[in-house]
Amino acid sequence: MTNEDAQSGLSNTDFLVLTTLTVLALMTRGYGLGEWHLMGDEYYTFYYSAERYKSFINPAYYALVLGSFTLFGVSEWSARLPAMLLGVLCIPVFWITWRSVIGRNAALIGALFIVFSSWHLWHSQFSRFYTGVFLFGSLSYFLYYQAIRDDSLKYLVAALAAMVAGILFHATAVMVPASCGLFSLIALTIKGSEGIDYSKRVMTVHLSLCAVIGLLALPFLWQISENWYETGQKWGYGPAKLALQIVKYVQIPIAGSAFLGLILLLRKDLIKGIFFASGIGLPVLALLIVSPFVSVRPDYMLYTMPLVFVLSAYLCEEISDKRSSNWLASYSLVIIVVVSLLPEMASHYTGKKSLDIREVVAVVEEAHRPGDRIFSLVPGANFKHYATRSYPIEPKYEGYPYDNDIPWEEVLQPYKDDRHRLWIILPIRRQSLAKNLENWLICNAALVWRKSEKRYDYTVKGYQVWRTNGRSCTETQ
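Reading the values: the criteria
- Residues numbered from 1 in each chain as written.
- Predicted model: local features only at pLDDT ≥ 70, side-chain atom pairs only at ≥ 80, totals over all residues.
- Heavy atoms only, no water.
- Helix = DSSP H or I, 4+ residues; strand = E, 2+ residues; numbered from the N terminus.
- Rg over C-alpha atoms; globule rule 2.2 N^0.38 Å.
- Buried < 20%, exposed > 50% of the residue type's maximum accessible area, 1.4 Å probe, protein only.
- Contact = heavy atoms within 4.5 Å.
- Areas by Shrake-Rupley, 256 points an atom, 1.4 Å probe, with all protein chains shown as cover.
- Lys, Arg positive; Asp, Glu negative; His and termini not counted.
- Charge placed at Lys NZ, Arg CZ, Asp CG, Glu CD.
- Salt bridge = Lys/Arg side-chain N within 4 Å of Asp/Glu carboxyl O.
- Core = buried A, V, L, I, M, F, W, Y, C linked by side-chain atoms within 4.5 Å.
- 1 Å grid on protein atoms, 1.4 Å probe; cavity = no way out; pocket = protein on both sides within 12 Å on 5 of 7 lines; lining within 4 Å.
- Points joined across faces, edges and corners; volume = space filled by probe spheres on them.
- Nonpolar A, V, L, I, M, F, W, Y, C, P; charged D, E, K, R; others polar.
- Pairing = 2+ DSSP bridges.
- Axes fitted to C-alpha atoms, helices over the stretch in contact; angles between N-to-C directions.

Let us look at the overall build of the protein chain. On a plain count of helices and strands, the protein chain comes out with 20 helices and four strands. Taken over the C-alpha trace, the protein chain has a radius of gyration of 25 Å; the compact-globule value for 477 residues is 23 Å, and the two agree within 12%. Each principal axis of the C-alpha distribution contributes one length, and for the protein chain these read about 80 × 55 × 50 Å. Out of the 477 residues belonging to the protein chain, those deemed buried represent 50%. Considering only intrachain contacts with a sequence separation of at least 6, the fraction spanning at least 24 residues in the protein chain is 76%. About 22300 Å² of surface is accessible on the protein chain, with carbon and sulfur atoms providing 63% of the total. Side chains of the protein chain give 42 positive and 37 negative charges; the mean places of these two sets differ by 3 Å.

Here you go:
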C-alpha cells in the first residue's frame, strides 16, 4: 500500500473523479427512492421515529428521519432520504480518505465496488441506520489509522468522535473501537514492537481511553446484552449458516478478492495486515460466537465493510500490470469483479419494480367480503399500511412459515371450520414452506394469487395469497 500525503490538495482530475463518483452515487441510490413500498423494519422507522430518537440506543437515524418528515412531509421518500444521503456520502468520502492509504487508483476501484455493491445499494434505499454505520465505520478506521501513522492526537480525537457517531446509529458499532483496541494491544506487545513504525503514544492513549470508557459503559452495555439475549434465537442463523450469509451479502467476488488481498498484505507488511485483520476479524468472530444464542444477521458488521472494500481494491491494484499500454488488460480483474456484481445490482431494481405489496392488497380488496379476516405470515409486510379501508387483521404471529417445528395445524385450527373466509398472505422464497403448513393449506384453502420478482440473480422473492374455502381433507396426507 502506498502512503500519499493526506493533506495534498485536489487536482482538476481529482475533482472530476470526485464529481463522477458523487453523480454515480446519486443516480444509483436516488432512483426509485419513493417508489418502492415499505418493507421489513422500515415500518418501525416510519411509525416510531418520534419515540425512538429520544432513546439512548440507536437514536441517530430516527432523529434524521424525524427531521426529514418535518421538512418534507411523511412519505416513503422522506423516510429513506437520510439513508440515501448517507449512502451517497459513503462513496466519495471513501475515495477522499482511503486514497492516502492505498493510493488514488486503488481507492477509486474500491469506491466503484461500493457503487455496484447490491448490499450497500439496498441499505442506501432502506429506511434504517446502516449507511450511517458504514460511513462512520469507514471514517473511524481511517482516522484511527492516520492517528497512529502520523502520531497525531488530533486524528485520534476525530476517530473517537466518529466512533461515537457510529455507535449512535447502531450499538453494534462498539466493535470498531474494540477492534482498533485489539490492534493497539497486539502492536504494543508483539515481539520486535520496537521497530514498528506506528505511534506507541497514540496507541497507548487509545487503549487507556478504551479501558476507562469501557468500564464506565459496562453496566449500560451489559443491560443491552441482557435484553438482546432475552429475545433468544428466533430468526437468525447458527455460526456455519451465518458465515455463508456474510459471504453472500458481501458478495463472493468482493469477499474472495478481499481475503486474497489480506493474505498479500500480511506477506508484504505484517503489522498493517494485522490492522485490517483485527478490524474485520474481531467483529465477524463476535457475531459467529453469539449467533447460537441470539438472532444476528450480517448487517450487524456493516461498519467493517469499508475495510473489506479496501482489501479487495488493494489486490486489484497490486496485480494490475501498470506497464501495459492496454488499460483493459491491465485492470481485467477490476472489470471481472464489476461485471460479476451487475446481476445482483440490476435485480435490486427489476425486483422492486416487478413486485409490490400493494398488488397483494389490491388482490384481497377486490374480492374481500364482510367478515373475512386477514392473516399475514410475511415478515415486514404491513397490510394495513397500504389498505384503502379498515379490515379485520389477525394479530401478528411470532413464527416463520419455513419452521417445521411450529405446530401449524394447531395454529390454524381455529380458522378451519370458521364460516368466514380467511386470507393468508405468505412469502415465496427458495426455501420451501414448512411441510405441515403446506399440507394444511392444500387441505383447507385455495391458492388465489402468486407472483415473484423478476430478477437476474439466484435470489427468489415473491408473495402468494391463499384463502380458506371450507374444503377439507384427511390429516393423513
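Alright, that's what it looks like, and here's the rest.
It is worth spelling out the environment of Pro-343 at this point. Inspection of the secondary structure assignment puts Pro-343 in helix H16 (residues 332-354). Between the C-alpha atom of Pro-343 and that of Lys-416, which follows or precedes it by 73 residues, the distance is 43 Å.

Scanning the entire structure with this criterion turns up 16 salt bridges. For Arg-99, the salt bridge goes to Asp-14, with nearest N and O atoms at 3.6 Å. Of the two residues, Arg-99 sits in helix H4 (residues 76-102) while Asp-14 sits in helix H1 (residues 12-30), which places them 85 residues apart along the sequence. Using a relative accessible area of 5% as the deciding quantity, one classes Arg-99 as buried. Classification of Asp-14 as buried rests on a relative accessible area of 3%. Measuring nitrogen to oxygen at the nearest pair gives 3.2 Å for the salt bridge that ties Asp-151 to Arg-201.

General note: in soluble globular proteins, nonpolar side chains tend to be found buried as a group. Membership of the largest hydrophobic core comes to 121 residues, with the highest contact counts inside it found for Trp-98, Phe-113, Tyr-144, Phe-183, Phe-276 and Met-305. With 14 residues, H4 is the single largest residue contributor to this core. In this structure Tyr-144 touches Leu-156, Ala-159, Met-163, Cys-180, Phe-183, Ser-184, Met-203, His-206 and Phe-275, once residues within four positions along its chain are discounted. Grouped together as the second largest cluster of nonpolar side chains are 17 residues, Ile-406, Leu-422, Ala-434 and Leu-441 included.

This part is about the layout of surface pockets. Looking at the second largest pocket, its volume works out to about 410 Å³. A per-element tally of the lining of the second largest pocket places helix H13 (residues 270-290) first, with six residues.

To continue, consider empty space enclosed by the protein. Per the stated rule, a full pass over the model turns up three cavities of 30 Å³ or more. Looking at the largest cavity, its volume works out to about 80 Å³. Among the secondary structure elements, those contributing two or more residues to the lining of the largest cavity are H16 and strand S4 (461-468). Counting residues per element, the lining of the largest cavity draws most heavily on S4, which supplies three residues. Among the residues forming the lining of the largest cavity, the class breakdown is three nonpolar, three polar and four charged.

To summarise the sheet geometry, strands pair through backbone hydrogen bonds and adopt either a parallel or an antiparallel arrangement. In spatial order, the strands read S1-S2-S4-S3; together these four strands make up an open sheet with mixed pairing. Pairing within the sheet leaves two strands with one partner each, and these edge strands are strand S1 (373-376) and strand S3 (445-452). Across the sheet, the mean angle separating the axes of adjacent strands is 20° when strand polarity is ignored. Inspection of the sheet shows S1 paired to strand S2 (residues 422-429) by four bridges, in the parallel sense. What sits directly across from Ser-376, in S2, is Ile-425.

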